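# A structural walkthrough
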Amino acid sequence: MAGGQSRVAATNRKAYHNYFIEERYEAGIELSGTEVKSIRQGKLNLKDSFCHVKNGELFLYGMHISPYEKGNIFNVDPLRTRKLLMHKREILKLFSKIQQDGYSLIPLSVYFKNSKVKVELGLARGKKLYDKRASAAERDAKRDMDRAMKTQRYR
């Protein structure tokens, strides 16, 4: 999210729990006007969304954007497939990496950058159950250390 003004509309916290994020990319997204207004109100969900390359183009599946209340006939299907906008060479590079075992392309966040809606994508490798346990143990240990340091300061 470098350069320009940016405001995060939604993040995919589940992605950080289920995947190791190796690399990050920025992509534009093709939306209708009522979808943009709904995103401005923060009515979107990235929980079960993923990306896939099809015919040399990048598509986002499973992102739910709630219909805009005042949109009437202009509202579209909340779960429709949306096209992501990236340079062709970037898409081909991602496609070759996705073909490797265990890699997925997961949307991490949706944000506004200079009034344009952008999606931050993460090249991700799935975590096993023992990895998730290790991450939880690490987080708990850090929390305990921080708590101990805080109580130490006040003595």
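Our structure is the block above this text.
Read on for an overview of the structure. (Residues numbered from 1 in each chain as written. Predicted model: local features only at pLDDT ≥ 70, side-chain atom pairs only at ≥ 80, totals over all residues. Heavy atoms only, no water.)

Here we come to the pairing of strand β7 (residues 82–85). On β7, burial follows the alternation: Arg-82 and Leu-84 on one face are buried, whereas Lys-83 and Leu-85 on the facing-out side are not. Summarising the sheet, strand β2 (residues 19–29) and β7 pair through two bridges and their orientation is antiparallel. Its bridge partner lying in β7, Gly-28 is registered against Leu-85. Pairing between strand β5 (residues 57–61) and β7: three bridges, direction antiparallel. The residue of β7 that forms the bridge with Leu-60 is Arg-82. (Buried < 20%, exposed > 50% of the residue type's maximum accessible area, 1.4 Å probe, protein only. Helix = DSSP H or I, 4+ residues; strand = E, 2+ residues; numbered from the N terminus. Pairing = 2+ DSSP bridges.)

Glancing now at the nonpolar core. By size, the foremost hydrophobic cluster in this structure holds 26 residues, and its most contacted members are Leu-58, Leu-84 and Leu-121. Taken together, the elements giving at least two residues each to this core come down to β1 (6–11), β2, β4 (50–54), β5, α3 (88–98), β8 (103–113) and β9 (116–126). If one sorts the elements of this core by residue count, β9 sits on top with four residues. Setting aside anything within four residues of it in sequence, one finds Leu-58 in contact with Cys-51, His-52, Val-53, Arg-82, Lys-83, Leu-84, Met-86, Ile-91, Leu-94, Leu-105 and Leu-121. (Core = buried A, V, L, I, M, F, W, Y, C linked by side-chain atoms within 4.5 Å. Contact = heavy atoms within 4.5 Å.)

Quick look at the pairing of β8 now. Summarising burial for β8: nine of the 11 residues are buried, a large majority. Relative to β8, β1 is paired through five bridges, and the arrangement is antiparallel. Residue Ser-6 lies in a different strand from β8, and its bridge partner there is Lys-113. Judged from the 10 bridges that link them, β8 and β9 form a sheet pairing that is antiparallel. Following the sheet pairing, Ser-104 is matched in β9 by Ala-124. The loop that links β8 with its antiparallel partner β9 comprises two residues; one of these, Asn-114, has a positive phi angle of about 50°.

Turning next to the side chain of Lys-97. You can see Lys-97 is positioned in helix α3. With residues near it in sequence (within four places) discarded, Lys-97 still touches Glu-23, Tyr-25, Tyr-103 and Leu-123.

Enumeration over the complete set of coordinates arrives at one aromatic pair. Ring geometry for Phe-50 and Tyr-61: centres 5.2 Å apart, planes at 20°, overall stacked. Taken together, the residues span a long stretch of sequence, with Phe-50 in strand β4 and Tyr-61 in strand β5 at a distance of 11 residues. (Phe/Tyr/Trp six-rings, centres within 6.5 Å; stacked < 30°, edge-to-face > 60°.)

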